Amino acid sequence: MESRNKYDAILIGSGLGSLTAGALLTLQQKQKILILERHSKVGGFTHVFKRQGKYTWDVGLHYVGEMNAESMPRMIFDYITAGALQWNKIPDPYDTFIYPGNKIELFSGRKIFTDTLIKVFPEEAEAIRQYVSDVFHVVSVNMKNIVLDKMYSGLSILNKPFSSPRSKYLHGTLEEYCRYRFRNKQLAAIISSQWGNYGLPPESASFLIHSIIATHYINGGYYPAGGSKSIPDTISAVILKHGGTIKVNSRVSRIIVENNTAAGVVVLEKKENGFSETEYYSDCIISGAGARITFGELLRDPKSIEIINQINSLKQSTGTVTAYLGLSENPSGLGLNGGNIWIYDSYDHNKNFANRNSSIEGKPQLAYVSFPSVRSGTETEHTAEIISFIDYEVFAKWADNPCKKRGEDYEDLKNRIMDKLIDLVESKIPGFASKITYKELSTPLTTEHYSGNKFGYIYGIPSVPERKDLKFISNRTHIKNLYLTGADSGTHGIAGALFSGVFAAAEVMGKPKSLIKIFSEAKKFKKRSR
Ligand SMILES: Cc1cc2nc3c(=O)[nH]c(=O)nc-3n(C[C@H](O)[C@H](O)[C@H](O)COP(=O)(O)OP(=O)(O)OC[C@H]3O[C@@H](n4cnc5c(N)ncnc54)[C@H](O)[C@@H]3O)c2cc1C
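Here's a quick rundown of the structure.

Thresholds applied
Residues numbered from 1 in each chain as written. Predicted model: local features only at pLDDT ≥ 70, side-chain atom pairs only at ≥ 80, totals over all residues. Heavy atoms only, no water. Core = buried A, V, L, I, M, F, W, Y, C linked by side-chain atoms within 4.5 Å. Buried < 20%, exposed > 50% of the residue type's maximum accessible area, 1.4 Å probe, protein only. Helix = DSSP H or I, 4+ residues; strand = E, 2+ residues; numbered from the N terminus. Contact = heavy atoms within 4.5 Å. Pairing = 2+ DSSP bridges. 1 Å grid on protein atoms, 1.4 Å probe; cavity = no way out; pocket = protein on both sides within 12 Å on 5 of 7 lines; lining within 4 Å. Points joined across faces, edges and corners; volume = space filled by probe spheres on them. Phe/Tyr/Trp six-rings, centres within 6.5 Å; stacked < 30°, edge-to-face > 60°. Lys NZ or Arg CZ within 6 Å of the ring centre and 35° of its normal.

1. A few points about the nonpolar core
Okay, step 1: One finds F77, Y131, F182, I235, V265 and F472 to be the most contacted residues of the largest nonpolar core, which totals 121 residues.
Okay, step 2: Per element, the largest residue contribution to this core is ten residues, and it comes from helix α17 (residues 494–509).
Okay, step 3: If we skip the residues at most four places from it in the chain, F182 touches E124, A127, I128, Y131, Y177, L187, A188 and I191.

2. Structural notes on the sheet that holds strand β13 (residues 274–282)
Okay, step 1: Taking strand neighbours across the sheet as the criterion, the four strands line up as β1-β13-β12-β11 in an open arrangement whose pairing is mixed. Across the chains shown, the open sheet's two edge strands, defined by having one partner strand only, are β1 (6–7) and β11 (250–258).
Okay, step 2: Sheet topology note: the β1/β13 ladder contains two bridges and is parallel. Bridge pairing in β13 links K6 to Y281.

3. Comments concerning empty space enclosed by the protein
Okay, step 1: All told, the structure shown has two cavities of 30 Å³ or more when counted by the stated rule.
Okay, step 2: Empty space within the largest cavity amounts to approximately 130 Å³.
Okay, step 3: As for the largest cavity, its lining consists of 15 residues, and the residues nearest its centre are L106, F113, Y131, I191 and Q194.
Okay, step 4: Put simply, the parts of the chain that give the lining of the largest cavity at least two residues each are α3 (110–120), α4 (125–151), α7 (185–191) and α8 (207–217).

4. Description of the packing of aromatic side chains
Okay, step 1: In total, this model carries 29 aromatic pairs according to the counting rule given.
Okay, step 2: The interplanar angle of 55° and the centroid separation of 6.3 Å between the aromatic rings of F97 and W342 together place this pair among those described as tilted. Here F97, found in strand β7 (residues 95–99), pairs with W342, found in strand β16 (residues 340–344); they are 245 residues apart in sequence, far enough to count as distant.
Okay, step 3: Judged by its relative accessible area of 2%, F97 falls in the buried class.
Okay, step 4: For the ring pair F455 and Y457, a centre distance of 5.9 Å and an interplane angle of 70° mean the geometry is edge-to-face.
Okay, step 5: These aromatic residues form a ring-pair network of at least three members: Y99, W195, Y344, Y347, F353 and F389.
Okay, step 6: When the ring centre of Y7 is taken as origin, the NZ or CZ atom of K32, which lies over that ring, is 4.7 Å away.
Okay, step 7: Over the face of the ring belonging to F353 we find R356, whose NZ or CZ atom lies 4.2 Å from the ring centre.

The structure is reproduced here in structure tokens:
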């Protein structure tokens, strides 16, 4: 074995989970780490891309909650970026939900959220108050369980989960909860309006995951100053400064396992004239590539196959299309402040989801609009994104064609879908279409190509109630010395991936001591930087 190919830890993928774990291992233990990324850019879903040398879009970060200076996620970000990552608060209303004949705007703050809903649905005032209390209750019990479990495996059972009479509903779907809590169906729909953030409508989505998202955003949204690429840029800088190595264009094709113990990885490295295969070795392999890739592609043992079958047996989410738009001017001229706009064809979200392929022949049932340039605070050329759900199967017949060479009929279909999305937004925001100077549509095939995620899934393991019972959603795996980080080892989203990196690093360095140390170092860093 060549010693230059031996590392203290090897991390697969450079998503936020891997970057966070990698930064903590270098900061706290000066470990010699290697991060291997299949794409040409670092960051996973936090990377950005540019067109015409001027228009920039994020691909998987539109808003993040809880980035006020006092919050623990913010303190961890500050610590792993040496304070270099700054956050812009998205102006209120940070979320606007447009339904047929109705518009609801969300302003930052638990009380304002409650009052806004009570103003529209005064007859449901008590149910609204109870809902807000329930989402915080579920999240706090869940958080206590996670922290106890991460510190001392298995101890979470001592902290009885959801022991109140409400428990029946708290374990189920969002729809079951809403039926129990609200009489008014429109109120239930409005409460559920952010379901696009976890990819499944109320009839399938876990109420626990809904609660995590709802409380995460209740105090408003934030966006990284300089755009979402500031996240990988600033964390990578810390990793490199402390001696870590990050290699792009390096796809791990296999995890080397000997006697049920991970010992290294086989990597296909892109070179000028093709690929070369290299082996890297370590007694600590951390995969941030997602459960489907880790267990389904990089491992081949019976237990991994069982895990994949378990994932496949769950109700699945679906793929997305995104229209990336260049604008001739700041959208503020249209009365837009940079907050998110969610457009729904009906109050029935299950129907909106079921009819997700209607963008092909009929009218799109839903669209989410975001404004990266306004939020970043540094872009002078303005951009917008329109996202909608659509099945991979719609595009499957082009899956074997190379990216950007899928043919005219594929491009025609993309253009048709893109125009319908733009028409839908124009119908709610008159004048929007006339500002568009550049347009391009990504499909689930694009997501599959760039992320490696089969079928273009964007959120990993689906957010169904059964998710919380899946034992493999953890930082440890059934293989010794193989750890998981990233959204599939905890919960998805930027905050979920950040904490997955914290917990993975703590697992490797030895918990509970190291977990306490990470949190205390983050707090100390904050005190020092004041
Ligand atoms: C369209 C979209 C919108 C989103 N909006 C938001 C939002 O507004 N707010 C929010 O909080 N979250 C949002 N998310 C979710 C959030 O971006 C993700 O949950 C989070 O970034 C996932 O991080 P991760 O660490 O799991 O890794 P990922 O970002 O999934 O990265 C995994 C990395 O592993 C690499 N990889 C895979 N296989 C291999 C291999 N074999 N070898 C080497 N490398 C490999 C991939 O190329 C990728 O870079 C959004 C996601 C999407 C897609």
